[in-house]
Each structure stands twice: as structure tokens, then as C-alpha cells.
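# Descriptive analysis of the structure
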Amino acid sequence: MRRWRVATADEVCTRVRRAVGEPAGRPPVLAVDGPGSGGKSTFARRLADLWTGATVVHTDDIAWRHAVLDWTALLTEGVLAPVRAGQPVAYRPPQWDAAGRPGAIEVPAESTLVIVEGVGAGRRELAPLLDAVVWVESPREDVDRRDAERVAAGETTPADYAAWKAEEDPFLAAERTWERAAFVIAGWPALPHDPRAEFVICS
């Protein structure tokens, strides 16, 4: 059972800094993993707002029209390999070109932290390319409520949602990424706190 406590933004940034270290010639890479609709994007955005020069990469953009979870090679070759070589990134996954999606996934060379956010971002297969992992956890009932709201809003269809969960649930159960995380963040208001200046973490 998790023991949650409130932590200041400064403490969370310090924990991240200690976890990722100071690699030479490149920005550190932090994976933010957890279940879909569990609060990963919110935590990644909040951390990036606190960390001058941070860049967020969403695995949903890597996986767009490609596959639910089978995108390791795209992320590795298109983003993580050049980042670890100290190079800037302007990556267009194959399906972006095929569907005419504009823009690119960009990581400036001067980034001070690269946050890779998404379900499976901290998978074992990527461990050699990551400096640390943070797990974002939410109760199943909270995740189900958020997912139901997304289906009702037309962000996805019931069939696509069912197909997603059929892949996600066994994948997360097999990976058990929370066991390799530097620390665990609550993706829902587990305790009263100021979301502008505080986080809820597992102590």
C-alpha cells in the first residue's frame, strides 16, 4: 500500500536532478510512465514549467497512426539516439509523412532535460537510453472515469478504447515499471495540496 505525502516543487525537482544525473555532452532523459489517463501529461507539463530549458516528447506523437505500444524503434532512432549524441531533433515519424501531418517532434540541442511522457515510456527495452523513470499512479476508478469522459467527448470511440485497454493492461502488468522508478507521483489528488506549488509523492 502506498504511503503518500505532500512534497514541494523544489523537492521534486531535486529528486529528478539526482535521479538523472549530469551526463556529459547531452541533456539527461527522464521517462514519465503510467497508465493512460493517469496524470502523466499533467506531471510532465508541470515539471517542464519548473525546469528551465526542459523539452517534453509525447509518445502519443511517436505512435500517431502507427501502433498502440509498438513504437520503440521509432522513439529510439528518431529521438533518443540523436539526443544521447548531443544532437538536435526534428523528427517526423513515417505516418506523419503518409498522412500529411505538419510539423515535427523537436528537441533543441540546448535542452536541459528531455521528458519522454507516455504509456510504456519507461519500458525495459528503453532502459539503456534513459537516465531515470518516474511512475505516475492513479486509482483504476479515477482512470476509468477520465477515460469515460474522453469517450463521451468523442476523443476516441468505444471500440478503439477497448482495443487500447486490451493491449495496455497486460503490457503494464508485465513491465511493472513502477518497480524501477526513481519515485512515484500521485496522478490524482491523493492528499490536499496546492497544485501550483506542490506534488503528492510516495515516501
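Above this note sits the structure.
Residues numbered from 1 in each chain as written. Predicted model: local features only at pLDDT ≥ 70, side-chain atom pairs only at ≥ 80, totals over all residues. Heavy atoms only, no water.

## Looking at the packing of helix 1 (residues 9-20) against helix 2 (residues 40-50)
Put simply, the rule is: In this description, a line fitted to the C-alpha atoms serves as the axis of each element, helices being fitted only across the stretch in contact, and the angle between N-to-C directions of two axes falls anywhere from 0 to 180 degrees. Strands are runs of DSSP state E lasting at least 2 residues, helices are runs of H or I lasting at least 4, and numbering of each runs from the N terminus. Note that the term roughly parallel is reserved for angles under 35 degrees, roughly antiparallel for angles over 145, roughly perpendicular for angles of 65 to 115, and oblique for everything else. Contacts were defined at the residue level, with two residues in contact if any of their heavy atoms lie within 4.5 Å.
Two elements in contact, helix 1 and helix 2, have axes whose closest approach is 11 Å; the angle formed by their N-to-C orientations is 95°. Classified by the angle between their axes, helix 1 and helix 2 sit roughly perpendicular to one another. For the pair helix 1 and helix 2, the contacting residues are A9, V12, C13 and V16 in the first and F43, L47 and L50 in the second.

## Examining unusual backbone geometry
Note the threshold: Whether a residue is buried, partly exposed or exposed follows from its accessible area with a 1.4 Å probe, protein chains only, as a fraction of its type maximum: under 20%, in between, or over 50%, in that order.
Here the phi dihedral of S37 falls at roughly 60°; this positive angle occurs in a residue that is not glycine. One non-glycine residue, R65, lies in positive phi territory at about 55°. By the secondary structure assignment, R65 is in the loop between helix 3 (59-62) and helix 4 (72-84). Note on R65: relative accessible area 58%, which makes it exposed.

## With respect to helix 1
Rule in force here: For a helix, the expected span equals 1.5 Å multiplied by the residue count minus one.
Here helix 1 spans 17 Å end to end across twelve residues, near enough to the 16 Å set by a 1.5 Å rise per residue. Remark: G21 follows helix 1 within two positions and exhibits a positive phi of approximately 75°.

## Focus: the packing of aromatic side chains
Under the convention used in this document: Only Phe, Tyr and Trp rings take part, Trp by its six-membered ring, and two of them pair if their centres are within 6.5 Å. Stacked means planes under 30 degrees apart, edge-to-face means over 60, and tilted covers everything else. Charge over a ring is defined by NZ of Lys or CZ of Arg lying within 6 Å of the ring centre and within 35 degrees of the ring normal.
For the coordinates displayed, the defined rule picks out three aromatic pairs. Judged by centre distance (5.5 Å) and plane angle (90°), the ring pair of W4 and W188 falls under edge-to-face. Taken together, the positions of W4 in strand 1 (residues 4-8) and W188 in the loop between strand 8 (183-186) and strand 9 (198-202) put the pair 184 residues apart, joining distant regions of the chain. The ring of W96 carries R101 above its face, with NZ or CZ at 3.9 Å from the centroid.

## Details of the packing of helix 6 (residues 140-152) against helix 7 (residues 158-175)
Note the following rule: Here a crossing is called left-handed whenever its near helix is offset anticlockwise from the far helix by less than a right angle, and right-handed whenever the offset is clockwise. Note on residue classes: Ala, Val, Leu, Ile, Met, Phe, Trp, Tyr, Cys and Pro are nonpolar, Asp, Glu, Lys and Arg are charged, and everything else, Gly too, is polar.
Look at helix 6 against helix 7: their axes get within 10 Å of each other, and the N-to-C directions meet at 150°. Here helix 7 runs roughly antiparallel to helix 6, going by the angle between their axes. Between helix 6 and helix 7 lies a crossing whose hand is right-handed. For the pair formed by helix 6 and helix 7, the contact residues are R140, V143, D144, D147 and V151 on the first element and P158, Y161, K165 and D169 on the second. For the contact of helix 6 with helix 7, a count of residues per class yields four nonpolar, no polar and five charged.

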